[in-house]
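# Structure assessment
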Amino acid sequence: MLNNASLRNFGPIEQLDWQGLGNINLIIGSNGCGKSFLLKALYSAVRTLEDYQRGDNKQNSAADILATKLFWTFQPDRRIGDLVNKQANDPLSLELKLDNRVFKYSFGKDTNKSIASIENHVLPRSNNSIFLPAKEVLSLFHIILKSREQDKVFGFDDTYLDLAKALHQSPQKGKNFLEFSKSRKSLEEIIGGKVEYDDASSRWQFKKGNQKFAIGVTAEGIKKIAILDTLLCNRYLTKNSIIFIDEPESALHPEAIAKLLDIIVILANHGIQFFIASHSYFVIKKLFLIAQEQKLSIPVLSYQNNEWLKSDLLEEMPDNPIINESIRLYEEEVDLAFK
Amino acid sequence: MITHPKNDFERMFGPYPDGHCFEIESSAILKKINDKANQGEGVKIAEFLLLRTANGKSSISIIEAKSSAPKNADEYINDVQEKLSNSLSLFIAIYLQRHSKNNSELSDFFKQTELSNVNFILILALQNCEKSRLPPLQDKLKNALKKTARIWNINLNSVIVLNEAGAKKHGLITSITTQ
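Described below are features of the structure shown in this document.

Rules of the game
Residues numbered from 1 in each chain as written. Chains lettered and ligands numbered in written order. Predicted model: local features only at pLDDT ≥ 70, side-chain atom pairs only at ≥ 80, totals over all residues. Heavy atoms only, no water. Helix = DSSP H or I, 4+ residues; strand = E, 2+ residues; numbered from the N terminus. Rg over C-alpha atoms; globule rule 2.2 N^0.38 Å. Buried < 20%, exposed > 50% of the residue type's maximum accessible area, 1.4 Å probe, protein only. Contact = heavy atoms within 4.5 Å. Areas by Shrake-Rupley, 256 points an atom, 1.4 Å probe, with all protein chains shown as cover. Lys, Arg positive; Asp, Glu negative; His and termini not counted. Charge placed at Lys NZ, Arg CZ, Asp CG, Glu CD. Pairing = 2+ DSSP bridges. Axes fitted to C-alpha atoms, helices over the stretch in contact; angles between N-to-C directions. Buried area = accessible area lost by both parts, 1.4 Å probe. Salt bridge = Lys/Arg side-chain N within 4 Å of Asp/Glu carboxyl O. Polar contact = N/O pair within 3.5 Å; in protein donor to acceptor, adjacent residues only side chain to side chain. Patch = residues over 30% accessible without salt bridge, like charges linked within 9 Å, V, L, I, M, F, W, Y side chains within 5 Å.

## Some words on the overall build of chain A
Looking only at helices and strands, chain A features nine helices and 14 strands. Its C-alpha atoms give chain A a radius of gyration of 20 Å, within 12% of the compact-globule value 20 Å for 339 residues. Across its three principal directions, the C-alpha atoms of chain A cover 60 × 60 × 35 Å. With 339 residues in all, chain A has 54% of them scored as buried. Here the contacts in chain A between residues at least 6 apart in sequence split such that 68% fall between residues at least 24 apart. Total accessible area computed for chain A in this model is approximately 15700 Å², and 48% of it derives from carbon and sulfur atoms. Charged side chains of chain A number 42 positive and 43 negative; the gap between the two group centres comes to 6 Å.

Here is the structure:
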């Protein structure tokens, strides 16, 4: 698991040190504060470490894999040097500890694709981590693969491509981890069916009982839940995978959000680590309740007044504009009663 | 302050202008009703009613005061809902002279208030409660009082939950806090 992370001059993130990461980690803040940027920065580092030395291809250096990953994950205008904070004089740097081993790199604004400063003490990993973007990918599946694999154009970044490829893996039969099987059942209960890839038509379909529906007419929320279900089914995800979820609330009913978070907790208790970026009151509140009930540490990073504040849902609800907004609406309602 | 406070928090409420506060919980009529009831079957009631006028419009706030926030929210909110609903019904029964012809317990201010268009505000006031816990409690209380509000044509916006600071802000607590 990721133990801690430090970033300097990484896009909008000038300085961030996040220690003591937990099985579930929450990042909250307003639009444009850098939540997704942070998730992607961590994801590109972790995926680099997972690709490095995997299989028979031992030729690519970690620096090469990282540069390519950063380029296709962030899709900068010209070069990866564009990722360095515009106001900064110093280089961009990222340092993390994965399974208590250090991985760090840095580069300056002029960097095209060669990352000169990189240090890796992380052992090769057989696990797969994944990024679940705010939008579902099932209905865009072929478009993503074509635009990236054939046309090699910007538009869908690596988080989309990696997910599309991960979903494309065939389901595996045989005994899955018990907790994963239970979680899959719960996910399928939320959406009342499951999504399957139909080889004959080369299309995803939503199966509900004996009925089949084209993925294009299936609700957005169903597709989002189905993605997690599929990744557990085809064993892309295993214990020690890391899942980065950007806005789990998007397209989901509050009740479904709560159920999804219950499943996330089950998976987290069995080895999968989660990083969740959100601006939903429901997500924060539900995770707060889970932390309190289960005495579970859920580290929170919240962006407020130009700085990143760290707290833990086990101790308190963080002071944040998302929460303050619910209080502000409450106060407006009370004032209305006395008018 | 109200004349029959049961605890330090209730002691904070007021003082209000003479005749504008009706302490329904300590009223003779409630005592008479509950004297007839078996143990545990009496009518549960809120603390007091407060008659106020703002911008030329009268309002009657029905206040249930609690010194702490709930542990079991469902049970707690049902209890508060019952007290606020009963208080509304009993007050109107008294106003209509259902219990005695001269409804002497009500001041002339209450008697002369035209109830057809008075604004009823149903309030749960909590002494020790963080502000962040108030919005969900308020939503829960609104939900629990939905039927009462429909029956009496009370806007659900008039069902509110306040903490001590909110009660001060909205003029329910005006005295200096007692130690």
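Moving on from the model shown.
## Some points on the sheet that holds strand S1 (residues 21–22) of chain B
Within a sheet, adjacent strands bond to each other through the backbone by hydrogen bonds, running parallel or antiparallel. Pairing is mixed across the open sheet formed by five strands, whose spatial order is S1-S2-S3-S4-S5 (chain B). Whereas interior strands pair on both sides, the edge strands pair on one side only; in this sheet they are S1 and strand S5 (159–163) of chain B. In this structure, strand S3 (residues 57–68) of chain B lies alongside strand S4 (residues 119–128) of chain B, joined through nine bridges in parallel fashion. Bridge assignment links B:Ala65 to a residue of S4(B), and that residue is B:Ala125. Seen against the sheet, helix H9 (residues 321–337) of chain A touches S4 and S5 of chain B and runs at an angle of roughly 115 degrees to S5(B).

## Remarks on helix H4 (residues 158–167) of chain A
Residue and element names in this part refer to chain A. The element H4 is extensively covered by neighbouring structure, given that nine of its ten residues are classed as buried. All of the buried residues along H4 are Asp-158, Thr-159, Tyr-160, Leu-161, Asp-162, Leu-163, Ala-164, Ala-166 and Leu-167. Those residues of H4 that are buried lie in contact with helix H1 (35–51), helix H2 (62–74), strand S7 (130–132), helix H3 (141–150), strand S9 (203–208) and helix H6 (220–233).

## Quick word on unusual backbone geometry
In terms of backbone geometry, most residues other than glycine have negative phi values and most peptide bonds are trans. Residue B:Pro15 follows B:Gly14 across a cis peptide bond; omega there is 0 degrees. Tracing the chain through its elements places B:Pro15 in the loop between helix H1 (8–12) and S1. Phi at A:Lys152 takes a positive value of approximately 50 degrees, unusual for a residue other than glycine. On the basis of relative accessible area, A:Lys152 is assigned to the exposed category, the value being 56%. In this structure, B:Gln97 takes a positive phi of about 60 degrees despite not being glycine.

## What to know about the interface of chain B and chain A
Between chain B and chain A, the residue contacts involve 20 residues of the former and 13 residues of the latter. Between chain B and chain A, roughly 1400 Å² of surface is buried when both sides are summed, and carbon and sulfur atoms account for 60% of that area. For chain B, the biggest contributors to the area lost against chain A are B:Lys131, B:Asn157 and B:His170; these three give 30% of the whole. Counting every contact that joins chain B to chain A gives three salt bridges. With a shortest N-O distance of 3.4 Å, B:Lys169 and A:Asp335 are connected by a salt bridge. Applying the counting rule to chain B against chain A returns six residue pairs in polar contact (both at pLDDT 80 or more). For the side of chain B that touches chain A, the secondary-structure elements that each account for two or more residues are S4, helix H5 (134–144) and S5 of chain B.

## A short note on a negative patch on the surface
Taken together, A:Glu315, A:Glu316, A:Asp319 and B:Glu130 make up a surface patch of like negative charges. Take A:Glu316: it is sitting in the loop between strand S14 (307–312) and H9. Classification of A:Glu316 by relative accessible area gives partly exposed; the value is 42%.

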